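Topology and contacts: notes
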Amino acid sequence: MPCRLLLPALLILAAVGAGQSFHRGIDWAAPPSATYGYGSLVTVIGDADLDGKDDVVVSDPQWGQFAGRLYVHHSSAAFPLVINGPVALSSESFGTAVARTGDLNGDGVFDFVVGHPLLGNGVVFAYSGADASLLLTVFAPPGVSWFGQSLDGFSDLDGDGVDDILVGAPSLPNGPGLTFLVSGATGAVLWISHSPLEVTLPTPTNTNWYGGNVSRLGGDVDGDLFEDLVVTDQLAGHVIVSGGTGVALTYTPGPIPPVGARRIVPAGIDVDGDGIGDYLSAGPAGGDAEVRSGADGSSLRIHSVTGGGFGSAAARTGDLDGDGIGDYAFAGLTWSGSAGFRAYSGATGAEIWAVVSEPGETGAAVSLDGPADAEGDAYPDLVVGAPSFVGTQVARSYAFARHAKYGLGNGPLTIDFVRFAPLTGNVVVANATPQAAGLVAVSLLPAQTLFPAPSVPILVDVQPASLVLLEGFPYPLSGTLSFSVALDDPYVVGIPLFFQAFDLAGWPATARSSNGLLLLFAP
């Protein structure tokens, strides 16, 4: 039966299930100067301002007659730093690719690189993560075009103490594309990688598009003690490349969609158990999103959504379901208008949750990056770019923060949260003794204490200054009780609350407590 908690005014209803959820945390609405392209690409660059919160670069390729603009959002600053594209073009080229690198200038924070593939034959710019100053400019080598269409940071191959940079150049005037590793210190070319199916074709539009996407893998496939990478090729498909030499090691034949239609990122997990980290592949032209083998590029899992267009972006999310294995998410915008993103279990591939665009947010969830800690609460966040393709709509980038379980109780009793709408969901207490007396505590602070007799772990602060709610009730015959929660409740906006449930069957001789549950309410 519905009821209302005492102070936080949370509506209680019945529901079943358990899981993890995201809420809308930081909302970076488009600055006044931004266009409807703001949020086309979002890139987490780490804690560049050293305030304990990760920072984000947001692309707006339509700004300034398509010259393009980047907004560097430092969490400690009221306004973002701005980087303007150097030339007004009709190409929307500046910011086509943005990637975090290592520390290129020795100031102790991550920096980032930006591709401008249609400025001349292509240019890559490296910027300071701390102040957005220009650190390095790398021009396309002779005979190369579309240099900078794809980018990623890489480890220090040449041993100069500065991490290096992967650059894709997917089109040459009369042949296939190339991929380069360039020095993060000087921009010098360290190696050049060729497609394993390299051929000479009459026009750039008929090339293999080798280098349309590049991504470090983190693992060492060929045993040369250097991390390796994956490159997409329209004919060769997914090519695993030696990070030490640039030589193609293996490939999974295509065809795949051409440049710009697929994004690849490390998954941060080893799905097939071969000791090599695998990667995520997003391909909206085919309406698919995949987990692929880091060893040979073969498909391990395929996720699809009815309507096509799913998989415009991919990102790691951190461990959402509490099983100790990293999870991942894909975003998509279908022609039917359903837009949003979905998170999947790294262990099983099962869908953890799905979030769809809210009313009036056409084009939501076109880009993703993560995991990050944008709110400084030590829980992984997912940054979501939501540009609008309708000029009157508001373009945004969001950071969605996880609601998480923490700590261990002393029995099978659990408390968890399952989302069923953008800002509402159910707190679910399960595995209780049927019809036993129960108790729920809600506090402003967590704790780690032991009730002495009987021995019961207490994971919320029950001091009067912190305690928000302490309420008794009987568990139903099923042993499961659910409370619906509005995460934008005006009484608790911006406040984290800590929940724990208790099963008092056998009290005072025995009692059981659940894990703790953190809900961070949306500002």
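Okay, so let's go over this structure. What you are looking at is a predicted structure, and each value in this text was computed from that prediction instead of being measured. Throughout this description, residue numbers start from 1 for each chain and increase along the sequence as written. Note on the predicted model: pLDDT of at least 70 is required for a residue's local features to be given, and 80 or more for side-chain atom pairs to be given and counted; whole-chain, interface and lining totals, by contrast, use all residues. Here the side-chain values reflect all heavy atoms present in the structure, with hydrogen atoms and water set aside.

Here we look at the side chain of Ser514
Applied cut-off: Numbering goes from the N terminus for both helices and strands, where a helix is a DSSP run of H or I of at least four residues and a strand is a run of E of at least two. Using a 1.4 Å probe on the protein chains alone, a residue whose accessible area is under 20% of its type maximum counts as buried, one over 50% counts as exposed, and one in between counts as partly exposed. Contact between two residues is taken to exist if any of their heavy atoms lie within 4.5 Å; hydrogens are not considered.
By the element assignment, Ser514 lies in the loop between strand S39 (512–513) and strand S40 (516–520). In this structure Ser514 comes out as buried when scored by relative accessible area, which is 0%. Setting aside chain neighbours within four positions, we find Ser514 in contact with Leu408, Gly409, Leu413, Thr414, Ile415, Leu459, Gln500 and Ala501.

Remarks on the pairing of strand S14 (residues 178–182)
So the rule is basically this: When DSSP finds two or more bridges between a pair of strands, those strands are recorded as paired.
Of all five residues making up S14, five are buried, and the element is well covered by its neighbours. Bridge analysis of strand S13 (residues 165–169) against S14 gives five bridges, and the strand direction is antiparallel. Note that in S14 the partner of Ala169 across the bridge is Leu178. Alignment of S14 against strand S15 (residues 189–194), held across five bridges, turns out to be antiparallel. Bridging from a neighbouring strand, Leu181 pairs with Trp191 of S15. Between S14 and S15, which pair antiparallel in sequence order, lie six residues; one of them, Gly187, sits at a positive phi of approximately 85°.

Let's talk about unusual backbone geometry
Across residues other than glycine, the phi torsion is negative in most instances, and most of the peptide bonds are trans. That bond from Trp507 to Pro508 is cis: its omega, 10°, falls within 30 degrees of zero. Mapped onto the fold, Pro508 is located in the loop between strand S38 (496–503) and S39. With a phi angle near 65°, Ala132 is a residue other than glycine that sits in the positive phi range. Residue position: Ala132 is located in the loop between strand S10 (123–127) and strand S11 (134–139). Of note, Trp146 is a non-glycine position whose phi angle comes to about 60°, a positive value. Counting through the fold element by element, Trp146 comes out in the loop between S11 and strand S12 (150–153).

Focus: a negative patch on the surface
Our working rule: The patches reported here contain residues having more than 30% relative accessible area and no salt bridge. Joining distances are 9 Å for like charges and 5 Å for nonpolar side chains (Val, Leu, Ile, Met, Phe, Trp, Tyr). The method behind every accessible area is Shrake-Rupley, applied with a 1.4 Å probe, and residues are considered shielded solely by the protein chains displayed. Basic side-chain nitrogens of Lys or Arg form a salt bridge, by our definition, when they fall within 4 Å of a carboxyl oxygen of Asp or Glu. Lys and Arg are tallied as positive, Asp and Glu as negative. Neither His nor the chain termini are counted. For the purpose of locating charges, the reference atoms are NZ of Lys, CZ of Arg, CG of Asp and CD of Glu.
The grouping of Asp270, Asp272, Asp274 and Asp296 at the surface amounts to a negative patch. Along the chain, the position of Asp296 falls in the loop between strand S22 (288–292) and strand S23 (299–304).

Some points on the sheet that holds S14
In plain terms, the rule: Between N-to-C directions, angles span 0 to 180 degrees; the directions come from axes that are lines fitted to C-alpha atoms, helices contributing only their stretch in contact.
Reading across the sheet, the four strands line up as S12-S13-S14-S15 and stay open at both edges, with antiparallel pairing between neighbours. Edge positions in the open sheet fall to S12 and S15, since each of these has one partner strand only. The average undirected angle you get between the axes of adjacent strands in this sheet is 20°.

What to know about the pattern of salt bridges
One pass over the structure, following the stated rule, counts three salt bridges. Note that Glu227 is salt-bridged to Arg216, the shortest N-O span being 2.6 Å. Highlighted residues: Glu227 in the loop between strand S16 (214–216) and strand S17 (229–233) and Arg216 in strand S16, separated in sequence by eleven residues. For the salt bridge of Glu290 with Arg292, the shortest nitrogen-to-oxygen distance reads 3.2 Å.

Here we look at the sheet that holds strand S18 (residues 237–241)
Reading across from one edge, S16-S17-S18-S19 is the order of the four strands in this open sheet, with antiparallel pairing throughout. Of all the strands in the sheet, the pair left with one neighbour each is S16 and strand S19 (248–252). Each strand of the sheet is rotated relative to its neighbour by a mean of 20°, with strand direction disregarded.

Let's talk about the packing of aromatic side chains
Keep this limit in mind: The aromatic pairing rule takes the rings of Phe, Tyr and Trp, using the six-membered ring of Trp, and pairs them if the centres are within 6.5 Å, calling planes under 30 degrees apart stacked, those over 60 edge-to-face and the rest tilted.
Per the counting criterion, the structure on display carries twelve aromatic pairs. Here Tyr328 and Phe330 contribute two aromatic rings whose centre-to-centre distance is 5.8 Å and whose plane-to-plane angle is 80°, an arrangement assigned as edge-to-face. Of the two residues, Tyr328 and Phe330, both sit in the buried class. Through a chain of ring-to-ring contacts, the aromatic side chains of Phe94, Phe112, Phe125 and Tyr127 assemble into a single cluster.

Section: the side chain of Asp164
As a reminder, the rule being used: Between N or O atoms, a polar contact is any pair within 3.5 Å; within protein, one atom must be a potential hydrogen donor and the other a potential acceptor, and residues adjacent in sequence are included only when both atoms are from side chains.
Position of Asp164 relative to the elements: it lies in the loop between S12 and S13. Here Asp164 occupies a buried position and makes no salt bridge, while the nearest side chain of opposite charge, Arg216, is found at 9.4 Å. A polar contact of 3.1 Å, which involves the side chain of Asp164, links it to the backbone nitrogen of Gly184. Asp164 has contacts with Gly153, Phe154, Ser155, Asp156, Leu157, Asp158, Leu181, Val182, Ser183, Gly184 and Leu190, leaving out every residue within four places of it along the chain.

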